[in-house]
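Summary of structural features
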Amino acid sequence: MVTINGKEKMDYDEISVTEMLGKEGFDKSRIAIEINGAIVSKRDYNETLLHEGDCIEVVSFVGGG
C-alpha cells in the first residue's frame, strides 16, 4: 500500500510514477511529484518505481490571474 495525497491506495507497489499518474488521472504537464519528501524530476517518472509504504504528494498547478 502507498499513500497518495493522504489517501491509502492498494495495488500501486512496483509501478512507475508514470503508471500511477495514469491510474489517478493526473495531467503530467501540470504537476510536481514528491515521494517520501524528495522531489522527482519529470524525466525520471518512467524509471521511478513506487514501493510499499511510500508517501506520494502530487501538486497540480493551476493558472489564473
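The text that follows walks through the structure, step by step, so that each part is easy to find. (Residues numbered from 1 in each chain as written. Predicted model: local features only at pLDDT ≥ 70, side-chain atom pairs only at ≥ 80, totals over all residues. Heavy atoms only, no water.)

**Focus: the sheet that holds strand β2 (residues 7–9)**
On the basis of which strands lie adjacent, the open sheet formed by five strands has the order β2-β1-β5-β3-β4 and mixed pairing. In this open sheet, the two strands that pair with only one neighbour each are β2 and β4 (38–40). Strand-to-strand twist of the sheet, defined as the mean angle between neighbouring strand axes without regard to direction, takes the value 30°. As paired strands, strand β3 (residues 31–35) and strand β5 (residues 55–60) are joined by five bridges and run antiparallel to one another. By the bridge assignment, Ile 35 is partnered in β5 with Ile 56. Along the sheet, helix α1 (residues 17–24) makes contact with β1 (2–4), β2, β3 and β5, crossing β3 at roughly 120°. (Pairing = 2+ DSSP bridges. Helix = DSSP H or I, 4+ residues; strand = E, 2+ residues; numbered from the N terminus. Axes fitted to C-alpha atoms, helices over the stretch in contact; angles between N-to-C directions. Contact = heavy atoms within 4.5 Å.)

**With respect to the nonpolar core**
In terms of nonpolar packing, the biggest core is built from 15 residues, with Val 17, Met 20, Leu 21, Ile 33, Leu 50, Ile 56 and Val 58 touching the most fellow members. At the level of secondary structure, the elements contributing two or more residues to this core comprise β1, α1, β3 and β5. Setting aside chain neighbours within four positions, we find Val 58 in contact with Ile 4, Asn 5, Met 20, Leu 21, Phe 26, Ile 31, Ala 32 and Ile 33. (Core = buried A, V, L, I, M, F, W, Y, C linked by side-chain atoms within 4.5 Å. Buried < 20%, exposed > 50% of the residue type's maximum accessible area, 1.4 Å probe, protein only.)

**Quick notes on the environment of Lys 23**
As for its placement among the helices and strands, Lys 23 is situated in helix α1. Considered as a pair, Lys 23 and Tyr 12 are 11 residues apart in the sequence and their alpha carbons are 9.3 Å apart. Setting aside residues up to four positions removed in sequence, Lys 23 forms contacts with Asp 11, Tyr 12 and Ile 15. Among the polar contacts listed, one links the side chain of Lys 23 to the backbone oxygen of Asp 11, at a separation of 3.2 Å. (Polar contact = N/O pair within 3.5 Å; in protein donor to acceptor, adjacent residues only side chain to side chain.)

**Some words on the pattern of salt bridges**
For the structure on display, the rule yields one salt bridge. Measuring nitrogen to oxygen at the nearest pair gives 3.3 Å for the salt bridge that ties Lys 9 to Glu 24. Of this pair, Lys 9 sits in strand β2 while Glu 24 is found in helix α1, placing the two residues 15 residues apart along the sequence. Judged by relative accessible area, Lys 9 falls into the partly exposed class, the value being 21%. (Salt bridge = Lys/Arg side-chain N within 4 Å of Asp/Glu carboxyl O.)

**Topic: the packing of aromatic side chains**
All chains considered together, the criterion is met by zero aromatic pairs. Above the plane of the ring of Tyr 12 lies Lys 23, whose end atom (NZ or CZ) is 4.4 Å from the centre. (Phe/Tyr/Trp six-rings, centres within 6.5 Å; stacked < 30°, edge-to-face > 60°. Lys NZ or Arg CZ within 6 Å of the ring centre and 35° of its normal.)

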